[in-house]
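# Examining the three-dimensional arrangement
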Amino acid sequence: MLETEKRELLRGLPAVDAVLRAPAADALVSHHGTKATTAAVREALGGARREILAGGEPEVTEETVLAVAAKLLAGRGLRRVVNATGVVLHTNLGRSVLSGRAVEAVVEVATSYSNLEYDLTAGKRGSRYDHAVPLLKEITGAEDALVVNNCAGATLLALSAVVAGTSAGEIAEASGEPEVIVSRGQLIEIGGGFRIPEVLELSGARLREVGTTNRTRLSDYERAINENTRAILWVHPSNFEIGGFTESVGVMELATLGLPVVADVGSGALLPISDEPRVEAAVRGGAAITIFSGDKLLGGPQAGIAVGLSRWISAMRRHPLARALRADKLCLAALEATLAAYLEGTAREELPTVRMLHAPAEEMKEKADQLAEKLARVAPNLSIDVAPSVARSGGGTLPLYEIPSYAVRLKDEEGDADAVAEKLRSADPPVIGRVGEERIWLDVRTLLDGDEETILEAVENLDG
Ligand SMILES: *Cc1c(COP(=O)(O)O)cnc(C)c1O
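Attention in this report is confined to the structure presented alongside it. Bear in mind the structure is a predicted one, so any value in this text is a computation, not a measurement.

### Focus: the environment of A337
Along the chain, A337 turns up in helix α16 (residues 329-344). Assessed through its relative accessible area of 8%, A337 is described here as buried. In contact with A337, not counting residues within four places along its chain, are R101, A102 and A105.

### A few points about the site of the ligand
Taken together, the residues surrounding the ligand are R95, N150, C151, A152, I190, F194, H236, S238, D264, G266, S293 and K296. Here an oxygen atom of the ligand and a backbone polar atom of C151 are 3.1 Å apart. The fraction of the free accessible surface of the ligand (380 Å²) that becomes covered by protein chains is 94%. Where the shell around the ligand is concerned, the elements lending two or more residues are α8 (151-165) and β10 (261-266). For the shell around the ligand, a count of residues per class yields 4 nonpolar, 5 polar and 3 charged.

### Some points on a negative patch on the surface
Negative charge collects at one region of the surface, where E413, E414, D416, D418 and E422 lie side by side. As for its position among the elements, E422 is in helix α20 (residues 417-425). Classification of E422 as partly exposed rests on a relative accessible area of 43%.

### Some details on the pairing of strand β4 (residues 144-148)
Most of β4 is tucked away, with 5 of its 5 residues classed as buried. On β4, burial covers both faces: D144, L146 and V148 on one face and A145 and V147 on the other are all buried. Where β4 meets strand β12 (residues 304-308), 5 bridges bridge the pair, whose relative direction is antiparallel. From the neighbouring strand, V148 faces β12, where its bridge partner is G304.

### Some words on the sheet that holds strand β14 (residues 403-411)
Taking strand neighbours across the sheet as the criterion, the 4 strands line up as β13-β14-β17-β16 in an open arrangement whose pairing is antiparallel. A strand with exactly one partner marks an edge of an open sheet, and here the two such strands are β13 (383-391) and β16 (434-436). The average undirected angle you get between the axes of adjacent strands in this sheet is 35 degrees. Pairing of β16 with strand β17 (residues 439-443), which is carried by 3 bridges, proceeds in the antiparallel orientation. Counted as the bridge partner of G436 is R439 from β17. Packed onto the sheet, helix α19 (residues 361-378) meets β13 and β14 and runs at close to 10 degrees relative to β14. Along the sheet, α20 contacts β16 and β17; its crossing angle with β17, the most-contacted strand, is approximately 45 degrees.

Basis of the calculations
Residues numbered from 1 in each chain as written. Predicted model: local features only at pLDDT ≥ 70, side-chain atom pairs only at ≥ 80, totals over all residues. Heavy atoms only, no water. Helix = DSSP H or I, 4+ residues; strand = E, 2+ residues; numbered from the N terminus. Buried < 20%, exposed > 50% of the residue type's maximum accessible area, 1.4 Å probe, protein only. Contact = heavy atoms within 4.5 Å. Near = heavy atom within 4 Å. Polar contact = N/O pair within 3.5 Å; in protein donor to acceptor, adjacent residues only side chain to side chain. Areas by Shrake-Rupley, 256 points an atom, 1.4 Å probe, with all protein chains shown as cover. Nonpolar A, V, L, I, M, F, W, Y, C, P; charged D, E, K, R; others polar. Patch = residues over 30% accessible without salt bridge, like charges linked within 9 Å, V, L, I, M, F, W, Y side chains within 5 Å. Salt bridge = Lys/Arg side-chain N within 4 Å of Asp/Glu carboxyl O. Lys, Arg positive; Asp, Glu negative; His and termini not counted. Charge placed at Lys NZ, Arg CZ, Asp CG, Glu CD. Pairing = 2+ DSSP bridges. Axes fitted to C-alpha atoms, helices over the stretch in contact; angles between N-to-C directions.

Everything listed here is a matter of geometry and, on its own, says nothing about what the molecule does.
Shown next, in the form of structure tokens:
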């Protein structure tokens, strides 16, 4: 295209003011405000400009610019969505949901001063690391505890502390690089690019692999121990399972080898669920440090929790990385309130995540029947039924564990489920379901209070 033609097209682009004066702009401005809408319109026009400069000839009117701006605004900002996927700890949808008590605790410390780093008994400086510790000790039976930003951070900190923290006398005999032993069956990758070999490297330790992908024995570990060995790392391969000819060594057996065992159990199951390793079992099994997430099966805020022997937890607390990975007061407040529910024995009823994981299937059937009935009333043109569904724990936990559930299924006349899914996603708040068998599946297991009304509204608009 000639430069003159490009210039002509660029000159033909509507002005920002003109776009904002178009009638369709009113709704955007009233919903998102003038500032955000203007910025989105500028961005949309910028896109058109770039397209023209690249040789394109886009059809640009006030209306097309507003449509692009509306899309930009809709996808922006962290906001509530309805999770109708049946995946309880959906990583993309924010993992666990806090209890009412946890939210209240967050609001209280967020909107007032707190004793975050103040010792009320002594009337002087205290430590943020002291919060949640008594609860964690009581619940897990460990000597000491430390809360950091997330489980990946806790693993990095634990390994760094163990590698650096061995006393000078003990290191005197060491002749080479510090080593940490890991079974080849546990050299895993967790979502988000967290890979055990890379974390080990970051901690300053050399990875000493033992065994094979499917089988590792105690003798494999024994043979690998030398004067440079600082620890044994045991990792729960949370997000996959291998079956068949397999063998692995548990924390309790590893602890007999006389080296500190760092156990990354991942999901933080404090209550029994399927065959997920329990935090308490790793502690009782003799792990020096047991590490788990706060926002997986535990059902609390994003946090990395380390519990174990005072010596090693102190070493973690003193390590310079602890400052970089420390938990904030909102996290600590939510975690304390969440842990209190476990101590009081009310976790199954009180913590939404735990409740959704354990609710009986019959309850889901009832919930689905009720929702389907209401939906049929507001959307007579859709074909609606209830079908058994399989819910999942998600969040990289229990990959093969199936939770029997029920879903309300919607089908429009054209049978274009993807189009229906897109419309539900663009509802306000967005509704996220599953597509299958040319239908949308709305699994009721992951629906929270108030979600039904949102779905009814979204589907009513869909039908209209
Ligand atoms: C999920 C998981 C992690 C990472 O936890 P985050 O809290 O997401 O950082 C680490 N290790 C294991 C075994 C896990 O399952």
